[in-house]
Protein chains: 2
Amino acid sequence: MAVQGVIDRYRPLLNIPDHTQTVTLLEGSTPLIPIPRIAEELGKGCKAWVKFEGLNPTGSFKDRGMTVAISEAVGRGAKAVICASTGNTAASAAAYAARSGLRAIVLIPKGKVAAGKLAGAVAYGADVYQIDGSFDDALSLVVEISNRTPIALVNSLNPYRLEGQKTAAFEICDELGFSPDWLCLPVGNAGNISAYWMGFKEYYELKGIPRPHILGVQAEGAAPLVLGHPVEHPETVATAIRIGKPARGEQAIEAAEESKGRIIAVSDDEILAAQRKLAASGIWVELASAAGLAGLIHEINAGRFDASGKRITIVCTGHGMKDPDIIASSMPAPRLIPAKSDALEEAIMGSAK
Amino acid sequence: MAVQGVIDRYRPLLNIPDHTQTVTLLEGSTPLIPIPRIAEELGKGCKAWVKFEGLNPTGSFKDRGMTVAISEAVGRGAKAVICASTGNTAASAAAYAARSGLRAIVLIPKGKVAAGKLAGAVAYGADVYQIDGSFDDALSLVVEISNRTPIALVNSLNPYRLEGQKTAAFEICDELGFSPDWLCLPVGNAGNISAYWMGFKEYYELKGIPRPHILGVQAEGAAPLVLGHPVEHPETVATAIRIGKPARGEQAIEAAEESKGRIIAVSDDEILAAQRKLAASGIWVELASAAGLAGLIHEINAGRFDASGKRITIVCTGHGMKDPDIIASSMPAPRLIPAKSDALEEAIMGSAK
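Definitions and cut-offs
Residues numbered from 1 in each chain as written. Chains lettered and ligands numbered in written order. Predicted model: local features only at pLDDT ≥ 70, side-chain atom pairs only at ≥ 80, totals over all residues. Heavy atoms only, no water. UniProt positions renumbered as here; feature names shortened; annotations may be inferred. Buried < 20%, exposed > 50% of the residue type's maximum accessible area, 1.4 Å probe, protein only. Helix = DSSP H or I, 4+ residues; strand = E, 2+ residues; numbered from the N terminus. Pairing = 2+ DSSP bridges. Least-squares fit on C-alpha atoms with pLDDT ≥ 70 in both. Contact = heavy atoms within 4.5 Å. Core = buried A, V, L, I, M, F, W, Y, C linked by side-chain atoms within 4.5 Å. Axes fitted to C-alpha atoms, helices over the stretch in contact; angles between N-to-C directions. Parallel < 35°, antiparallel > 145°, perpendicular 65-115°, else oblique. Left-handed = near helix turned anticlockwise from the far one by under 90°. Nonpolar A, V, L, I, M, F, W, Y, C, P; charged D, E, K, R; others polar.

- An unreviewed UniProt entry lists chain A under the name Threonine synthase, with Leptolinea tardivitalis given as the organism.
- Heading Catalytic activity (unreviewed entry) of the UniProt record for chain A holds this comment: "O-phospho-L-homoserine + H2O = L-threonine + phosphate".
- Its UniProt record gives chain A the following Function (unreviewed entry) comment, quoted word for word: "Catalyzes the gamma-elimination of phosphate from L-phosphohomoserine and the beta-addition of water to produce L-threonine."

Structure (structure tokens):
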């Protein structure tokens, strides 16, 4: 069967205007990868899966929402789109804008530019501007300019982004034939947790499929929803969730409460350990993407979560290739050995378990 | 329908031993993305698709073959696998070895180590050794040691790699409902062109589906199959096809001849231009992956190829995220503007077409 993008696959379930003209890179339909070894560690009889959103066209879950946002913008005649972002949103916006022949404008806050993170947006041909201010300043500017001009806003304030992102919840239910008991995922700007909860609620209403509890996970240094107040200078290695004032904070808290789940925070070390654990099962994810598993393990270790017999889906939002520097920078130089088989054998056997 | 890996999806068509124990990350089933704007440029009535293999779990087509090679190795009791590689093969081998609990050993030639390229293999936990010699020395060593020890060889000399890789040809036919008139793809070690041709021939025998002509494309500085002799010091920006002595050279030439296609060479500039052209349609691929399109355009420009009315599939073997440095290193610093909407508007409008 042909791979479809999320609009074609779920159009009747998406609350989008009739003028929408589908622009797709065949995003979605990402694999739900069983992780039996990790599940066994989590609890007796536990079943766990990773929804690997890093296998979307630009390497992150953002593509699900961007296909809808850009399709709507194209349908109403927009000639350009704009967003404030230094990472995944920028790459996704640039790709879908390019796909449809629209201009993509990306604002980034002033400061050291992480070239690797911007490479995606630049590769897809976005116009990038550095704003002499903070990320919030950049965001205010894109909102203002999109109100005054025909340039379409594609930051996550755009409601169509969530319409696209909720399709991941549909896919999980469609593939499993049920919904998991728990869904664990990172929480940064909080659009994704809100979108998943929308999706699960809609499938409950439409098909009677029970809704999962949701465990949202922030990084300790960027945990406004756990602290109950904005964080002025968020800090975490998990850059994709380094956000102090989430755009969808209230919706996220509602999702956690309604689902009888919760939002918690974990340390950078816990996130790094979870990234390694996933990679040891063959799944290399962006650091922020490891927060879901890190949170689950955190709760189990604290005695607040019994995973026994549970069915758990862990959402991994981006591919590890998004940020190879975190690996490369701590990588020891490989050991140099002579080009002789006995030397190689000795080296290999010497370091065997 | 659940996403399956290539072994489960095509098992009856794979020539693999009964002892094979499936190790999968749900590779394959990659999207076949229509590229109508590019097709229009190629020729009147031309239809073209990109088979985007960069959306495999580790970001390249290597996963199709690696799932089979590792599954076979696990089934016969191997405890470790070994390969010589600095890039995609190493990452894929490391991921599938991790997935199955096997040790992965990667040999790289001595010299400056491109950290970004190695990050994947290291992230998945491979043991990396630098060999005091060339890539060919490293390859000789892995062959020798896999003959003398129970360490399984997973370089492309392993025949099961091709069994997995041929499934991409099956997928193209299954999704289109026919086979394309032409298939264009990069040729480095020449395993992939050989595997595609195997796949198309088998579908022809099984289902009577006509076989495509194959256009294999090498980089000018690494074009042994065009020159007719090995290249001692291959040079090209497209690192994934920087190979002077292809392991499957004879099979590749056979594929080109039998299919009434050909193998040609293109310049690095042509490859870079094709990468930009694909990105301008929303598909960011690794440089080597752009060789297929570069070759097609090269032939059209030379008057040797009429794309009018043709149905053409272009295989893009790896994701652009595999090598962001090529973008990042030539990226100008983004223009700094004040955090004021009039300044932003002026900047944006000033540079509009």
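Text resumes after the structure shown.
## Some remarks on the pairing of strand β2 (residues 47–52) of chain B
Residues and elements named next belong to chain B.
Line of reasoning, step 1. Within β2, five of the six residues are buried, which leaves it mostly tucked inside the rest of the structure.
Line of reasoning, step 2. Bridge count for strand β1 (residues 32–34) against β2 is three bridges, and the pairing is antiparallel. Residue pairing for β2: Leu 32 is matched across the bridge by Lys 51.

## Some words on the relation of the copies chain B and chain A
Line of reasoning, step 1. Placing chain B over chain A gives an RMSD of 0.0 Å and needs a rotation angle of 180 degrees, together with 0.0 Å of translation along the axis. In symmetry terms, the pair is related by a two-fold rotation axis.
Line of reasoning, step 2. Same-surface contact between copies: 100% of interface residues of chain B are shared with the interface of chain A.

## Quick word on the UniProt feature "modified residue: N6-(pyridoxal phosphate)lysine" (unreviewed entry) in chain A
Residue and element names in this part refer to chain A.
Line of reasoning, step 1. When the UniProt feature table is mapped to this numbering, "modified residue: N6-(pyridoxal phosphate)lysine" (unreviewed entry) covers Lys 62.
Line of reasoning, step 2. Looking at where Lys 62 falls in the secondary structure, it is placed in helix α3 (residues 62–75).
Line of reasoning, step 3. Looking at Lys 62, the relative accessible area reads 16%, which means it is buried.
Line of reasoning, step 4. Contact partners of Lys 62, with chain neighbours within four places excluded, come to Asn 88, Thr 89, Ser 92 and Arg 161.

## A short note on the pairing of strand β10 (residues 311–316) of chain A
Residues and elements named next belong to chain A.
Line of reasoning, step 1. Counting buried residues in β10 gives five out of six residues, a clear majority hidden from the surface.
Line of reasoning, step 2. As judged from the six bridges shared by strand β2 (residues 47–52) and β10, these two strands associate in the parallel manner. Bridge assignment links Ala 48 to a residue of β10, and that residue is Ile 312.
Line of reasoning, step 3. Note: strand β7 (residues 182–186) against β10, three bridges, orientation parallel. Its bridge partner being in β10, Cys 184 is matched across the sheet by Ile 314.

## Comments concerning the nonpolar core
Line of reasoning, step 1. Core analysis: the biggest nonpolar cluster contains 143 residues, and Val81(A), Ile271(A), Ile312(A), Ile314(A), Val81(B), Ile271(B) and Ile312(B) have the highest contact counts within it.
Line of reasoning, step 2. When near neighbours in sequence (up to four residues on either side) are disregarded, Ile314(A) contacts Ile35(A), Trp49(A), Val50(A), Lys51(A), Cys184(A), Gly292(A), Leu293(A) and Leu296(A).
Line of reasoning, step 3. Grouped together as the second largest cluster of nonpolar side chains are 31 residues, Tyr10(B), Leu14(B), Val187(B) and Tyr203(B) included.

## A look at the packing of α3(A) against helix α4 (residues 88–100) of chain A
All names here are of chain A.
Line of reasoning, step 1. Two elements in contact, α3 and α4, have axes whose closest approach is 9 Å; the angle formed by their N-to-C orientations is 40 degrees. In this view, α3 runs oblique relative to α4, as classed from their interaxial angle. You can see that α3 and α4 cross each other, and the crossing is right-handed. Residues Lys 62, Asp 63, Met 66, Thr 67, Ile 70 and Val 74 of α3 touch α4, and the partners they reach there are Asn 88, Thr 89, Ser 92, Ala 93, Tyr 96, Ala 97 and Ser 100.
Line of reasoning, step 2. Partitioned by chemical class, the residues of the contact of α3 with α4 number six nonpolar, five polar and two charged.

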